[in-house]
Amino acid sequence: MRTAFEKAIVISYYAGKLWDVATNPDISQGRPPADYRKILIPKYGQPEDGQTLLSGNVPGLLRGYFEDIARIGIEDSDALTRGSLQNSLATLQRVASLSDPAQGYTTHFSNLQQPLLSELPHLKAIASDLKLEHA
């Protein structure tokens, strides 16, 4: 079983990948390359061309990791885990707050952002239970 810190690192990885994809101009402005059929995120620990997840599945995965950390708990002295989770949550909130360039239309960007918007209240509640500052 992974420690809370190890799970926080995985959360950080996925939050960063979502940010990278959401801020890619081709995707965020609704102009994906012709060969793009869906936004895929490389699985943690896999090479960039290895196993992937659909971007819309990542927020649910993140919720599971946050729930695991809530079960494990974080020591008061564990500043690294707390800091990593705070930064990841801030990144996810930035992704959620990006404006959809084609509101009212289903785009690669909205397929990434909508699941995150659905999961974010749960992530914030877990963060609050974990007593993370700035959550």
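Described in the following lines is the structure provided in the data block.

## Focus on the overall build of the protein
For step 1, the next point in the chain: In terms of regular secondary structure, the protein is built from five helices and two strands.
For step 2, the next point in the chain: Along the protein, from the amino end to the carboxyl end, the secondary structure elements read α-α-β-β-α-α-α.
For step 3, the next point in the chain: Contacts spanning at least 24 positions in sequence make up 68% of the contacts within the protein whose residues lie at least 6 apart.
For step 4, the next point in the chain: For the protein, the exposed area adds up to about 7500 Å²; of that, 48% sits on carbon and sulfur atoms.

## Things to note about the packing of helix H3 (residues 58-72) against helix H5 (residues 108-129)
For step 1, the next point in the chain: Across the interface, H3 lies against H5 with an axial gap of 9 Å and an inter-helix angle of 10°. Considered as vectors, H3 and H5 are oriented roughly parallel to each other. From H3, Pro 59, Gly 60, Leu 62, Arg 63, Phe 66, Glu 67 and Ala 70 reach across to H5, where they touch Pro 115, Leu 116, Glu 119, His 122, Leu 123 and Ile 126.
For step 2, the next point in the chain: Here the contact of H3 with H5 is built from residues that sort into eight nonpolar, two polar and three charged.

## Comments concerning helix H4 (residues 79-97)
For step 1, the next point in the chain: With 19 residues, H4 should reach 27 Å at 1.5 Å per residue; the first-to-last C-alpha distance of 27 Å fits that figure.
For step 2, the next point in the chain: Every buried residue of H4 is accounted for by Thr 81, Arg 82, Gly 83, Ser 84, Leu 85, Ser 88, Leu 89, Thr 91, Leu 92, Val 95 and Ala 96.
For step 3, the next point in the chain: Structurally, H4 contributes buried residues whose contacts are with helix H1 (4-22), H3 and H5.

## Examining the environment of Phe 109
For step 1, the next point in the chain: Along the polypeptide, Phe 109 turns up in helix H5.
For step 2, the next point in the chain: A relative accessible area of 0% places Phe 109 in the buried class.
For step 3, the next point in the chain: Residues Phe 109 and Ile 39, 70 residues apart in the sequence, show an inter-C-alpha distance of 8.5 Å.

## A closer look at the nonpolar core
For step 1, the next point in the chain: Counting residues in each nonpolar core, the largest one holds 33 residues, and the members touching the most others are Ile 69, Leu 85 and Leu 92.
For step 2, the next point in the chain: Only H1, H3, H4 and H5 provide two or more residues apiece to this core.
For step 3, the next point in the chain: At nine residues, the largest contribution of residues to this core is made by H1.
For step 4, the next point in the chain: In this view, Leu 92 contacts Ala 15, Leu 18, Leu 62, Leu 116, Leu 120 and Leu 123; residues no more than four positions away in its chain are not counted.

## Observations regarding a nonpolar patch on the surface
For step 1, the next point in the chain: Taken together, the side chains of Phe 5, Ile 9, Tyr 44 and Leu 80 define a hydrophobic patch exposed on the protein surface, amounting to about 360 Å² of accessible area.
For step 2, the next point in the chain: Within the element layout of this structure, Tyr 44 appears in the loop between strand E1 (40-42) and strand E2 (52-54).
For step 3, the next point in the chain: In this structure Tyr 44 comes out as partly exposed when scored by relative accessible area, which is 34%.

## Some details on H1
For step 1, the next point in the chain: Helix length check: H1, at 19 residues, gives a terminal C-alpha distance of 27 Å against a target of 27 Å (1.5 Å per residue), a fit within 8%.
For step 2, the next point in the chain: Along H1, the residues classified as buried are Ala 4, Lys 7, Ala 8, Val 10, Ile 11, Tyr 14, Ala 15, Lys 17, Leu 18, Val 21 and Ala 22.

## Brief notes about the side chain of Arg 82
For step 1, the next point in the chain: Inspection of the secondary structure assignment puts Arg 82 in helix H4.
For step 2, the next point in the chain: Of the residues examined, Arg 82 reaches a relative accessible area of 13% and is grouped as buried.
For step 3, the next point in the chain: Of note is the side chain of Arg 82, whose polar atom sits 3.4 Å from the backbone oxygen of Lys 131.
For step 4, the next point in the chain: Residue contacts for Arg 82: discarding those within four places in its chain leaves Ile 74, Glu 75, Asp 76, Leu 130, Lys 131 and Leu 132.

So, how was this worked out
Residues numbered from 1 in each chain as written. Predicted model: local features only at pLDDT ≥ 70, side-chain atom pairs only at ≥ 80, totals over all residues. Heavy atoms only, no water. Helix = DSSP H or I, 4+ residues; strand = E, 2+ residues; numbered from the N terminus. Contact = heavy atoms within 4.5 Å. Areas by Shrake-Rupley, 256 points an atom, 1.4 Å probe, with all protein chains shown as cover. Axes fitted to C-alpha atoms, helices over the stretch in contact; angles between N-to-C directions. Parallel < 35°, antiparallel > 145°, perpendicular 65-115°, else oblique. Nonpolar A, V, L, I, M, F, W, Y, C, P; charged D, E, K, R; others polar. Expected span 1.5 Å × (residues − 1). Buried < 20%, exposed > 50% of the residue type's maximum accessible area, 1.4 Å probe, protein only. Core = buried A, V, L, I, M, F, W, Y, C linked by side-chain atoms within 4.5 Å. Patch = residues over 30% accessible without salt bridge, like charges linked within 9 Å, V, L, I, M, F, W, Y side chains within 5 Å. Salt bridge = Lys/Arg side-chain N within 4 Å of Asp/Glu carboxyl O. Polar contact = N/O pair within 3.5 Å; in protein donor to acceptor, adjacent residues only side chain to side chain.

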